[in-house]
Amino acid sequence: MIATIDNFKVDLSKPIDISIPITNTDENPIAWYIEKPVIEPVVFGDWIGKVSEGKSSTNFNNIFFNPHGHGTHTECLGHITREFYSINQSLKQFLFLAELISVVPELQGEDLVITLDNISTALDVMLKLGVSKEALIIRTLPNFTIKKSLKYSNTNPPYLSEDAASFIRESGIKHLLIDLPSVDKEKDEGKLLAHKAFWNVKDVNNLNADARLDCTITEMIFVDEEVKDGTYLLNLQIASFENDASPSKPILYDIW
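For the structure given in this document, a descriptive report is provided here. All residue numbers refer to positions counted from 1 along the written sequence of the respective chain. In keeping with the predicted nature of the model, local features appear solely for residues at pLDDT of at least 70, side-chain atom pairs appear and are counted solely at 80 or more, and the whole-chain, interface and lining totals rest on all residues. To obtain the side-chain values, all non-hydrogen atoms of the structure were included, while hydrogens and water were left out.

## Topic: the pairing of strand E16 (residues 230-238)
Point 1. Classification of residues uses two cut-offs on accessible area relative to the type maximum, computed with a 1.4 Å probe and protein chains only: under 20% is buried, over 50% is exposed, and between them is partly exposed. Secondary structure elements follow DSSP: runs of H or I no shorter than four residues count as helices, runs of E no shorter than two count as strands, and numbering proceeds from the N terminus. Extensive coverage of E16 is indicated by the burial of seven of its nine residues.
Point 2. Pairing of E16 with strand E17 (residues 245-254) involves seven bridges; the strand directions are antiparallel. By the bridge assignment for E17, Leu233 is matched with Tyr253. Two strands are said to pair when DSSP picks up at least two bridges between them.

Quick look at the structure:
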């Protein structure tokens with residue numbers, strides 16, 4: 001099906017899924033020192049909610065997972081504030097023009113860092129053309145498919161520098177997507193500099209009036225090598241959780 005949106009044409013029959021699904025297998029990616037997700041049938045006495053067990057007409061599973069540590073998720077600034085904010089209340093629009101860029105994080109001491117130079121160079125053409133994008137998708141290189149099943153805990157993954165996050169905010173980007181478990185350093189003494197810079201949160205205990213309540217960060221995506229850098233239509237899908245974060249399914253569409 002071909003649709004026209006803001007003078008762009010998009011083929012809605014050819015979605016590009018950049019999410020990582022949640023499974024209860026060892027292939028599931030894991031971050032933040034937790035175990036893999038649990039997906040198992042409900043049990044009442046000798047009744048098991050699984051058709052193959054022969055005692056139920058339906059499959060009836062409980063699922064235990066953590067959105068931040070078990071796969072692709074989208075979070076609002078409630079992730080870092082004392083006051084509760086829900087991703088379900090913060091994200092009210094779901095279709096955005098998005099720019100996909102690929103960057104090679106720079107080695108700084110023992111860290112790999114996505115720097116201001118990385119971001120400004122990759123966005124230079126977009127900014128010169130004055131093209132307004134609401135979403136930025138960052139693919140880090142090298143882009144090994146093992147990202148879809150990595151165990152990130154205690155590995156010090158690459159992260160986004162504070163000034164790069166500020167630049168992204170100042171560029172008008174409202175929705176940031178990245179193929180890492182966090183935009184911040186794994187062990188940073190709770191500073192969360194990139195989160196705070198992107199959401200413009202100056203005090204997590206008393207939220208400033210110009211904090212970006214309608215902006216989101218999506219982490220642990222995977223963008224296949226076949227998907228080229230450039231502009232896409234993004235459909236940012238979440239589940240309706242009243243929580244700071246939700247598992248999510250960002251979908252890209254080619255536009256012309």
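## Considering a negative patch on the surface
Point 1. Within this analysis, patches are made of residues with over 30% relative accessible area and no salt bridge. Like charges are joined at 9 Å or less; nonpolar side chains (Val, Leu, Ile, Met, Phe, Trp, Tyr) at 5 Å or less. All accessibility values rest on the Shrake-Rupley procedure with a 1.4 Å probe; residue burial counts only the protein chains present in the view. Any carboxyl oxygen of Asp or Glu within 4 Å of a side-chain nitrogen of Lys or Arg constitutes a salt bridge here. Note that His is not counted, nor are the chain ends; the positive residues are Lys and Arg, and the negative ones are Asp and Glu. Think of each charge as sitting on NZ of Lys, CZ of Arg, CG of Asp or CD of Glu. Together, Glu106, Asp117, Glu162 and Asp163 line one region of the surface with negative charge.
Point 2. In this fold, Asp117 is placed in helix H2 (residues 116-129).

## Considerations on the sheet that holds strand E10 (residues 106-108)
Strand pairs in the sheet, formed through backbone hydrogen bonds, run parallel or antiparallel to each other.
Point 1. One open sheet accounts for three strands, arranged E10-E11-E13; its pairing is mixed. Taken across any chain shown, the strands that pair with only one partner, and hence form the sheet edges, are E10 and strand E13 (159-160).
Point 2. As paired elements, strand E11 (residues 111-114) and E13 share two bridges and run parallel to each other. Bridge assignment links Ile114 to a residue of E13, and that residue is Leu160.

## Considerations on the layout of surface pockets
Point 1. One number sums up the size of the largest pocket: a volume of about 270 Å³.
Point 2. Lining residues are defined by having an atom within 4 Å of a point belonging to a cavity or pocket. Those points lie on a 1 Å grid over the protein atoms alone, cavities being sets where a 1.4 Å probe fits but cannot get out and pockets being open sets with protein on both sides within 12 Å along at least five of seven lines. As for the largest pocket, its lining consists of 16 residues, of which Thr140, Pro142, Lys147, Leu150 and Pro158 are closest to the centre.
Point 3. Of the residues that constitute the lining of the largest pocket, the class distribution is 11 nonpolar, two polar and three charged. Grid points are joined across faces, edges and corners, and a volume is the space filled by probe spheres set on the points. Residues are sorted three ways: Asp, Glu, Lys and Arg are charged, Ala, Val, Leu, Ile, Met, Phe, Trp, Tyr, Cys and Pro are nonpolar, and all the rest, Gly among them, are polar.

## Some words on the nonpolar core
One recurring pattern in soluble globular proteins is that nonpolar side chains are buried together.
Point 1. Residues Ile119, Ile137, Ile138, Leu160 and Ile168 are the most contacted members of the largest nonpolar core, which totals 47 residues.
Point 2. With near-sequence residues (within four places) excluded, Ile138 lies in contact with Ile101, Val103, Ile114, Ile119, Leu160, Ile168, Leu176, Leu177, Ile178, Asp179 and Ile221.
Point 3. Nonpolar cores were defined as sets of buried Ala, Val, Leu, Ile, Met, Phe, Trp, Tyr and Cys residues, with membership established by side-chain atoms within 4.5 Å. If you look at the next biggest cluster of nonpolar residues, it comprises six residues, including Val10, Ile251, Tyr253 and Ile255. Only heavy atoms matter for contacts: two residues are in contact if any of them lie within 4.5 Å across the pair.

## Looking at helix H3 (residues 162-170)
Given 3.6 residues per turn, any residue in an α-helix points the same way as the ones three and four places further on.
Point 1. Every buried residue of H3 is listed here: Ala164, Ala165, Ser166, Phe167 and Ile168.
Point 2. Directly beyond the C-terminal end of H3, a positive phi value near 90° is found at Gly172.

## Remarks on the packing of aromatic side chains
Point 1. Side-chain rings of Phe, Tyr and Trp (the six-membered ring for Trp) are treated as a pair once their centres are within 6.5 Å; stacked means planes under 30 degrees apart, edge-to-face means over 60, and tilted covers the remaining angles. Inspection of every chain in the model, using the stated rule, returns five aromatic pairs.
Point 2. Ring plane angle 75° and centroid distance 6.3 Å describe the contact between Phe65 and Phe241, whose orientation is recorded as edge-to-face. Within this pair, whereas Phe65 is found in the loop between strand E7 (61-64) and strand E8 (73-75), its partner Phe241 is found in the loop between E16 and E17, the two being separated by 176 residues in sequence.
Point 3. Directly above the ring of Phe198 sits Arg212, whose terminal nitrogen or CZ lies 4.6 Å from the centroid. To sit over a ring, a charge needs its Lys NZ or Arg CZ within 6 Å of the ring centre and within 35 degrees of the ring normal.

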